[in-house]
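Chain and residue survey
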Amino acid sequence: MGFVLPTIEAYQVQHLPIVKAYADKIGVVEVINQLVPTEMGIDPGTIVLGMILDTLSGRSPLYRLEEFFAHQDTTLLLGQAIAPDAFNDDTVGRVLERLYNVGTMKIFTACAVRADQAYGLDKQYVHFDTTSISVYGAYLPPEGSPDQQAPAVPFTITHGYSKDKRPDLKQFVFSTLCVDRAVPLWGKPEDGNASDKTVNNTLLSTIATFLGQHGVAPGAYIYVADAALVTEDNLAALGDTLFITRLPATYNECGRLIAEAVAHNTWEAVGVLAHTKPTKHRPATAYKVSEGEVRLYGTTYRAVVVHSSAQDKRRQQRLARDIQTAASTLHTTVRTAEQQEYFCRADAAAAAAQLRAVPTPYHLLDVTVEERPVYGRGRPSAHTPRPVKALRYRLKTTIRPHTERISRMEEEAGCFVLLTNVPTAGDMAHSAREILTVYKEQHGTEQNYGFLKDPVIVNSLFLKKPERIEALGLVLLLALLLWRLMERQMRAHVERTGRPLTGWDKKPTERPTAFMMMTKCAGVLVCKVGPQRQLARPLSAVQQQYLVALGVSATCFTLPTG
């Protein structure tokens, strides 16, 4: 018999074994298999893990799962050898329906609890936000028989206020609750025309119970949300819950607080809060704050007026447009008034007074009366002055910008107001600077939405059922949970050791991201010879540096687990 060479296979695994290691640590497959009963040939936890890996592979569409796993080492990535055709659309669709039947929030909460137990998440600050996700297609509501009502759906896909600037498309709204560096603890799809104010109110009625399941006692956390939180019903629903939000500019009290802070000029310098180094095109933004009080709906709250050196570009542009429009209108009015001729000085003086009374919020208007003599006919004599037949009067005006007022309004345009009931003394006390710092972390929740809103992923499974879309939302939330846990772990390592990681352009960074990690592992290639696996080339120093920061062994690339 001749010598038979073992089969040699090569797989570009990239960063996916690291994702698998994190999924194992919080027991994603185990939790889902415990909660979701099935008699299918492949367990639902493995199907969900496969969807997560595909989601985090670089945004390939989920309807190509079979194609994706045809080129993957399933034993290494899934813990068992699975044929790619196990991930066909029918199987995935049935799993999504089973996830919905069990309860997507029940499943996600169980995984989030395991993540909290494994990584000890900081739940002092709870950030809430929503976004709209546009979808293509009619998405007509289900119809019932003539004798029956239409079946209930978890949420309605319909037209609403589009944060994607696509009012022509139907949408649904996705809301999330995040802690510790934008790690999601809760997420839920809502009706496409749901209001942020209403969603806030619904969540506030259950948030204490929900956080209690995570071991957070009432009064031990601060709820952070955007300006949609500020309504009479929401503030009443908050009760004793500590919160930080932004006071909407539509409230008269917002303008009053800003005007008083600018007029009194008693600012407290906060300085730069950004962790990233400034660049030529993105200079550092410095802040200053001023404390005040505001009474809304019978209750007094702390109000922190914040001035940003970067200022609000939209408000600055609106102010510039208002100044230009006012100047154009004033010049038209002045030109008409200057063309009018008066026979009596008193009439001219009255017209001048009337012109001075024209409201000019951005300009100063100087008006004087000029005499204009009217001479008789004929050639004037060279030796005697021309005789004046009569006197006429006209207005002469000078328009100057009101620099002091414009400067004050520009400064006011760079301000916003934070509303809070967080005390200034006691266990949960926060200074004005700390209030601003906590609110600035709200952008982490907003950044999550770029991850969740990829239209290729949302639309690719042809999910005409809201039930399947809600289950797909669970998959995306689990992927986001793992993504943020990896990022959190790397940053915690940098803070703990004081050693930055290698970031973009080989420059050290103290704010590594999961995307950076993904790019650093882009060239990881594994060769499989029979049952044995080994790296095609040794890991680089940078890759090993990231593995240490992530707390993952290099064996994740060569030794299957599961």
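Residues numbered from 1 in each chain as written. Predicted model: local features only at pLDDT ≥ 70, side-chain atom pairs only at ≥ 80, totals over all residues. Heavy atoms only, no water.

Thoughts on a negative patch on the surface
On the surface, a cluster of negative charge is made up of Glu66, Asp85, Asp89 and Asp90. Along the chain, aspartate 90 turns up in helix α6 (residues 89–102). (Patch = residues over 30% accessible without salt bridge, like charges linked within 9 Å, V, L, I, M, F, W, Y side chains within 5 Å. Areas by Shrake-Rupley, 256 points an atom, 1.4 Å probe, with all protein chains shown as cover. Salt bridge = Lys/Arg side-chain N within 4 Å of Asp/Glu carboxyl O. Lys, Arg positive; Asp, Glu negative; His and termini not counted. Charge placed at Lys NZ, Arg CZ, Asp CG, Glu CD. Helix = DSSP H or I, 4+ residues; strand = E, 2+ residues; numbered from the N terminus.)

Quick word on the pattern of salt bridges
Charged atoms that come close allow side chains of opposite charge to pair. Across all of its chains, the model carries 16 salt bridges by this definition. The shortest N-O distance in the salt bridge between arginine 533 and aspartate 73 comes to 2.6 Å. Of this pair, arginine 533 sits in strand β16 (residues 532–535) while aspartate 73 sits in the loop between α4 (65–69) and α5 (74–78); the two residues are 460 residues apart in sequence, bridging distant segments of the chain. Residues arginine 468 and glutamate 97 are paired through a salt bridge, measuring 2.9 Å at the closest nitrogen-oxygen approach.

What to know about empty space enclosed by the protein
Evaluation of the coordinates by the stated rule reveals two cavities of 30 Å³ or more. In this structure, the second largest cavity occupies an estimated 50 Å³ of space. Lining the second largest cavity, in full, are Thr104, Met105, Phe108, Phe174, Gly187, Lys188, Pro189, Glu470, Gly473, Leu474 and Leu477. Broken down by element, the residue count for the lining of the second largest cavity peaks at four residues, all from helix α18 (residues 466–497). Looking at side-chain class alone, the lining of the second largest cavity contains six nonpolar, three polar and two charged residues. (1 Å grid on protein atoms, 1.4 Å probe; cavity = no way out; pocket = protein on both sides within 12 Å on 5 of 7 lines; lining within 4 Å. Points joined across faces, edges and corners; volume = space filled by probe spheres on them. Nonpolar A, V, L, I, M, F, W, Y, C, P; charged D, E, K, R; others polar.)

Section: helix α2 (residues 28–35)
Because an α-helix packs 3.6 residues into every turn, residues spaced three or four apart end up facing the same way. Buried within α2 are the following residues: Val28, Val31 and Ile32. Buried residues in α2, looked at end-on, bunch into an arc of 95°, giving them a common side. Those residues of α2 that are buried are in contact with α1 (16–25), α3 (44–55), α6, α7 (104–119) and α18. (Buried < 20%, exposed > 50% of the residue type's maximum accessible area, 1.4 Å probe, protein only. Arc of directions from axis to C-beta. Contact = heavy atoms within 4.5 Å.)

Notes on the packing of aromatic side chains
What the rule picks out here adds up to six aromatic pairs. Where phenylalanine 68 meets phenylalanine 69, the ring centres are 4.9 Å apart and the plane angle is 80°; that geometry is what we call edge-to-face. For phenylalanine 68, a relative accessible area of 12% puts it in the buried group. For phenylalanine 69, a relative accessible area of 1% puts it in the buried group. Three or more aromatic residues link up through ring pairs in this structure, and these residues are Phe68, Phe69 and Phe87. (Phe/Tyr/Trp six-rings, centres within 6.5 Å; stacked < 30°, edge-to-face > 60°.)

Quick look at the state of the cysteines
Inspection of every chain in the model, using the stated rule, returns zero disulfides. Cysteine 415 carries a free sulfur, and the closest cysteine sulfur to it, the one in cysteine 254, is 9.3 Å from it. The cysteine cysteine 556 is free of any disulfide, with cysteine 521 supplying the nearest cysteine sulfur at 8.3 Å. (Disulfide = S-S within 2.5 Å.)

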